[in-house]
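# Structural overview
Listed below are the residues making up each chain.
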Amino acid sequence: MSLTELLLKRIALEGPISIADYMTDALLHPKLGYYATRDPFGQTGDFITAPEISQMFGELIGLSLAQCWQDQGAPKTFTLAELGPGRGTLMKDALRAASNVPGFKPDVVFLEASATLRDVQRDTLSDVQITWVNAITDLPAQPLFLIANEFLDALPIRQFQRAGPGWQEIRIGAEDDRLCFGLGQQQKQPSLQDRLEDTKDGDIVEHCASAIQVTQQISAHIAQHGGAALLIDYGDWRSLGDTLQALKDHKSVHPLTDPGDADLTAHVDFEAIANAVSPAKHTKLTPQGVFLERLGITHRAQALAKHLTGDALTAHINAHRRLTHPSEMGNLFKVIGIYPDSHMPPPGLDP
Ligand code: SAH
C-alpha cells in the first residue's frame, strides 16, 4: 500500500487530519516515510544542505562550539550533540577541526529518527563512538554543546487561517480519492492569541509545537548543566503566510502529490523559538552569511584554495559564495544561539 492510500484510509476513518499529522507520516512513517526510506542529500538526492556543500561549514561550527566549551572552563566530561545529523558530515568536519583543541574529548550524541540515516551516520563516523537518543530529555546530565542544522524545518507544523476573532485550521481531507486541503471550523487558538494583533482575515500563520518543545528542553538543559546551542535554519523572525514546501529532485512539487517521496519542510518562526528560550538566554538572530564571515570563513576558504586548482578550485569558490552570499544561502538561513545566563554568547553571535 502506498502512503497516499494509507492516508486516504485514515482520513476515511478519522476525518480530515492536520498538516502536522500529514508531515509526521510523510517524513517519518517507519516503512514509507521520506527519511525512513532513503539518503536524500547531495547532487543526486532531492536537496543539498550546507555541510554537504563544503567542509568549511562543519569545521567552523565545530570550532565555534569548542570555543564556547573553553569559555565555560573546558569541563572534562561534556556532550557534543547534533539533532537530525543527516549523513553525519557536519559532525565529522566539526570533530576534525576541533581535534586540535587540547582536552576537547566530547561524548558524541545524535538525535535521529531515521534508522536508514543512523546507518549512514555510523559509516561516516566509523572511528567515533556515537550514542543515539530519541529525545533531548535523554541527553546525559552534563554540559551540552549542540548543533541543529536544517532540523527544525523538518518538524511538523500546523497552519491556521485568520477568521474574525478566531482561526480555521487548514486540514487535509480527501476528494475523488485524492488528498486535498480544506478548512476546519472557526475556533479560538490560545497559542495564537498574540497573532490577532498583526493579522487580518484570510492571513495564514504557522505553529510548530515540537520546535517550541525542543527549544524549551535544550534551554532547560543548558541552564542547568551549562553548554551552548546553535540552531541554524531557513526562516525569519515571525511566520506569516504558507511556507510549507515539498522538494523532489531539487525541484518544488505540490506538498500533497508525493507523500513519502518528496522532502517536506516549513520555514522556522524564530520569534517563537526565541520566546521558548527560558531560563537560558538567546542571541540575536543572525544571517548565516554574517555568522560564517565572523567565524572566519574567508580565511579558511583562502587557506583551502591554496591546495586546489582547476574545477576543484572553481567548485570551492562557488561553495563559499553559496554558503555566504546574501542572494544564496547567506540571508535566507539564520542562526540563533542559546547559552547560560552567566556566560558569553557563542562566537559570531550578539547577545
Ligand atoms: N543536519 C543535516 C540533515 C538535515 S535533514 C544536514 O544539514 O545535512 C533533517 C534531518 O533530521 C534528517 O537527518 C532527518 O532524518 C532528521 N529528522 C527529521 N525529523 C526528525 C525527528 N522528528 N526526530 C529526529 N530526527 C528527525
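Let me begin by describing the structure that accompanies this report. Because the structure is predicted, anything quoted here is derived from the model rather than measured.

### What to know about the packing of helix α1 (residues 3–14) against helix α2 (residues 19–28)
Between α1 and α2, the shortest axis-to-axis distance is 11 Å and the interhelical angle comes to 150°. Both α1 and α2 take part in a crossing whose hand is right-handed. Residue-level contacts link Leu3, Leu7 and Arg10 of α1 to Asp21, Tyr22, Asp25 and Ala26 of α2. Residue composition of the contact of α1 with α2, by class: four nonpolar, no polar and three charged.

### A word on the site of the ligand
Around the ligand sit 18 residues in total, of which Thr49, Gly84, Gly86, Glu112 and Asn149 are the nearest. In the model, a nitrogen atom of the ligand is placed 2.7 Å from a nitrogen or oxygen of the Asn149 main chain. The residue inventory of the shell around the ligand, partitioned by class, reads 10 nonpolar, five polar and three charged.

### Looking at the pairing of strand β3 (residues 107–111)
Counting buried residues in β3 gives four out of five residues, a clear majority hidden from the surface. Of the pairings in the sheet, the one linking strand β2 (residues 79–83) to β3 comprises five bridges and is parallel in character. For Leu80, the partnering residue across the bridge sits in β3 and is Val108. The parallel pair β2 and β3, bridged by helix α6 (residues 89–98), forms a crossover whose chirality is right-handed. Sheet topology places β3 next to strand β4 (residues 130–133); four bridges connect them, and they run parallel. Bridge pairing in β4 links Val108 to Ile130. Crossover handedness for the path β3 to helix α7 (residues 115–124) to β4: right-handed.

### Thoughts on the environment of Val253
Relative to the assigned elements, Val253 resides in strand β12 (residues 251–253). Excluding residues within four positions of it along the chain, Val253 makes contact with Ala246, Leu247, Lys248, Asp258 and Ala262.

### Re the sheet that holds strand β11 (residues 245–248)
If you walk across this open sheet you meet the three strands as β12-β11-β13, and the pairing is antiparallel. Taken across any chain shown, the strands that pair with only one partner, and hence form the sheet edges, are β12 and β13 (263–265). Averaged over all adjacent pairs, the angle separating strand axes in this sheet is 40°, with direction ignored. Both β11 and β13 contribute to a ladder of three bridges, which runs antiparallel. Each bridged residue has a counterpart across the sheet, and for Gln245 the counterpart in β13 is Thr265.

### Focus on the nonpolar core
Note that soluble globular proteins tend to have their nonpolar side chains buried in a common cluster. Ranked by internal contacts, the top residues of the largest apolar core, which has 57 residues, are Leu83, Leu146, Ile218 and Leu231. With five residues, the top contributor of residues to this core is α2. Among all residues touching Leu83, those that are not within four sequence positions of it are Leu111, Ile136, Leu146, Ile147, Ala148, Asn149, Phe151, Val214 and Ile218. Phe57, Cys68, Val108 and Ile147 belong to the second-largest nonpolar core, a separate cluster that totals 43 residues.

### A closer look at the pairing of strand β7 (residues 166–175)
Across two bridges, the pairing between strand β1 (residues 17–18) and β7 is antiparallel. Each residue of the ladder has a partner; that of Ser18, found in β7, is Arg171. The pairing of strand β6 (residues 158–163) with β7 spans five bridges and is classified as antiparallel. Looking at the pairing, Gln159 lines up with Ile170 of β7. Turn length for the β6-β7 hairpin, with the two strands adjacent in sequence and antiparallel, is two residues, and the turn residue Gly164 shows positive phi of about 60°. With eight bridges joining them, β7 and strand β8 (residues 178–187) adopt antiparallel strand pairing.

Scoring rules and cut-offs
Residues numbered from 1 in each chain as written. Predicted model: local features only at pLDDT ≥ 70, side-chain atom pairs only at ≥ 80, totals over all residues. Heavy atoms only, no water. Axes fitted to C-alpha atoms, helices over the stretch in contact; angles between N-to-C directions. Helix = DSSP H or I, 4+ residues; strand = E, 2+ residues; numbered from the N terminus. Left-handed = near helix turned anticlockwise from the far one by under 90°. Contact = heavy atoms within 4.5 Å. Nonpolar A, V, L, I, M, F, W, Y, C, P; charged D, E, K, R; others polar. Near = heavy atom within 4 Å. Polar contact = N/O pair within 3.5 Å; in protein donor to acceptor, adjacent residues only side chain to side chain. Buried < 20%, exposed > 50% of the residue type's maximum accessible area, 1.4 Å probe, protein only. Pairing = 2+ DSSP bridges. Right-handed = clockwise from strand over helix to strand, strands pointing away. Core = buried A, V, L, I, M, F, W, Y, C linked by side-chain atoms within 4.5 Å.

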